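The lines below spell out each chain.
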Amino acid sequence: MPSEIVLASSSEIRARILRNAGLEIVTVPARIDEEMIRQSLLAEGATPRDLADFLAESKALKVSSRNPGALCLGADQVLELKGKVFSKPESPEEAIFQLSELSGQTHRLLSALVVVRDGAPLWRHVGEARLTVRPLSAPFIADYVARYWEQIRHCVGCYRIEAEGIRLFSAIQGDLFTVQGLPLLPLLNWLHVRGDLDT
């Protein structure tokens, strides 16, 4: 009998990715202080990859404590440019600054996924994508943020690749699901091996 799957997130994009793949899930937001954890780990010298993995695990563990027997999926995404880690923008001005920093540069997106059951991590994966942003003019960035602020405010990097944000890029190395914050194919492969998915 397939295990119950709980997504430890309120992300509509991640939930849609899983449901579009035919998975029956419930979503339960994980109430953790991401920024405090992020700053603490960075102060200790954690790598962007370790940061994404730890945050994903923290979310899954938090939700697992309230959902016995379920497979709890925790996900997190970290953007790294030349050693600097970007967080979600807190204001349109910060979004403009981030896009200006990314303009004409290649950055990394690290998308971590950790599955926990009854407080024990069962599986983890960190996918990586490299994205090259076209050189963007200041007027274009300001207009883009003004038009899409409500949509991009929850997106690290301030772009939505599934919409007009795709126009910001000249090249992408990596799969779309990793860019969207949930490395789907490795998860599906693991669920197949477990017997939770029919083939």
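Per an unreviewed UniProt entry, the protein carries the name Nucleoside triphosphate pyrophosphatase and comes from Paenirhodobacter enshiensis. The UniProt entry for the protein carries the following text under Sequence similarities (unreviewed entry): "Belongs to the Maf family."

Caption draft 1: The arrangement of the side chain of Ser64 in detail. Relative to the assigned elements, Ser64 resides in helix 3 (residues 48-64). A relative accessible area of 3% means that Ser64 is categorised as buried. Other than its neighbours up to four places away in sequence, Ser64 contacts Cys72, Val116, Arg117, Asp118 and Gly119.

Caption draft 2: Spatial organisation of the pairing of strand 3 (residues 71-81). Burial runs high along strand 3: 11 of the 11 residues are buried. Burial along strand 3 is two-sided: the face carrying Leu71, Leu73, Ala75, Gln77, Leu79 and Leu81 and the face carrying Cys72, Gly74, Asp76, Val78 and Glu80 are both buried. Across 3 bridges, the pairing between strand 1 (residues 5-7) and strand 3 is parallel. Directly across from Val6, in strand 3, lies its bridge partner Cys72. Sheet topology places strand 3 next to strand 5 (residues 106-117); 9 bridges connect them, and they run antiparallel. From the neighbouring strand, Asp76 faces strand 5, where its bridge partner is Ala112. As defined by bridge partners, strand 3 adjoins strand 4 (residues 84-86) across 3 bridges and the pair is classed as antiparallel. Following the sheet pairing, Leu79 is matched in strand 4 by Phe86. In this structure, the hairpin formed by strand 3 and strand 4 is closed by a connection of 2 residues, where Lys82 is found at a positive phi of approximately 50 degrees.

Caption draft 3: Looking closely at the confidence of the model for the protein. Taken over all residues, the pLDDT of the protein has a mean of 93, while the share at 70 or more is 99%. Here helix 2 (residues 34-43) is the element of the protein with the lowest mean pLDDT, 86, and strand 6 (residues 120-133) is the one with the highest, 98.

Caption draft 4: Spatial organisation of the pattern of salt bridges. Counted by the stated rule, this structure contains 14 salt bridges. A salt bridge links Asp196 to Arg194; the nearest nitrogen and oxygen atoms lie 2.6 Å apart. The buried category is assigned to Asp196, whose relative accessible area is 11%. For Arg194, a relative accessible area of 34% puts it in the partly exposed group. Beyond isolated ion pairs, a larger network of salt bridges with shared partners links Glu80, Arg108, Glu128 and Arg130.

Caption draft 5: Here's a closer look at the nonpolar core. Within the largest apolar cluster, 23 residues are counted, with the highest numbers of intra-cluster contacts made by Leu79, Leu131 and Tyr159. Within the residue set of this core, elements represented by two or more residues are strand 3, helix 4 (92-102), strand 6 and helix 5 (138-152). For this core, the leading source of residues is helix 5, giving 5 residues. With near-sequence residues (within four places) excluded, Leu131 lies in contact with Gln105, Thr106, His107, Leu109, Tyr159, Ile161, Phe169, Ala171, Ile172 and Val179. Residues Leu184, Leu187, Leu188 and Leu191 belong to the second largest nonpolar core, which totals 19 residues.

Caption draft 6: Just the packing of aromatic side chains, in detail. Evaluated as defined, the whole model comprises 4 aromatic pairs. With 5.6 Å between their ring centres and 25 degrees between their planes, Trp123 and Trp190 make a pair best called stacked. Of the two residues, Trp123 sits in strand 6 while Trp190 sits in helix 7 (residues 184-194), which places them 67 residues apart along the sequence. Relative accessible area serves as the criterion here: at 15%, Trp123 is assigned to the buried category.

Caption draft 7: Just the UniProt feature "active site" (unreviewed entry) in the protein, in detail. According to UniProt, the positions carrying the feature "active site" (unreviewed entry) are Asp76. Looking at where Asp76 falls in the secondary structure, it is placed in strand 3. Look past the residues within four positions of Asp76 in its chain and what remains in contact with it is Arg14, Glu34, Arg38, Ala52, Leu55, Ala56, Lys59, Leu110, Ser111 and Ala112. A distance of 2.9 Å separates a polar atom in the side chain of Asp76 from a polar atom in the side chain of Lys59.

Cut-offs and rules
- Residues numbered from 1 in each chain as written.
- Predicted model: local features only at pLDDT ≥ 70, side-chain atom pairs only at ≥ 80, totals over all residues.
- Heavy atoms only, no water.
- UniProt positions renumbered as here; feature names shortened; annotations may be inferred.
- Helix = DSSP H or I, 4+ residues; strand = E, 2+ residues; numbered from the N terminus.
- Buried < 20%, exposed > 50% of the residue type's maximum accessible area, 1.4 Å probe, protein only.
- Contact = heavy atoms within 4.5 Å.
- Pairing = 2+ DSSP bridges.
- pLDDT = per-residue confidence, 0-100.
- Salt bridge = Lys/Arg side-chain N within 4 Å of Asp/Glu carboxyl O.
- Core = buried A, V, L, I, M, F, W, Y, C linked by side-chain atoms within 4.5 Å.
- Phe/Tyr/Trp six-rings, centres within 6.5 Å; stacked < 30°, edge-to-face > 60°.
- Polar contact = N/O pair within 3.5 Å; in protein donor to acceptor, adjacent residues only side chain to side chain.

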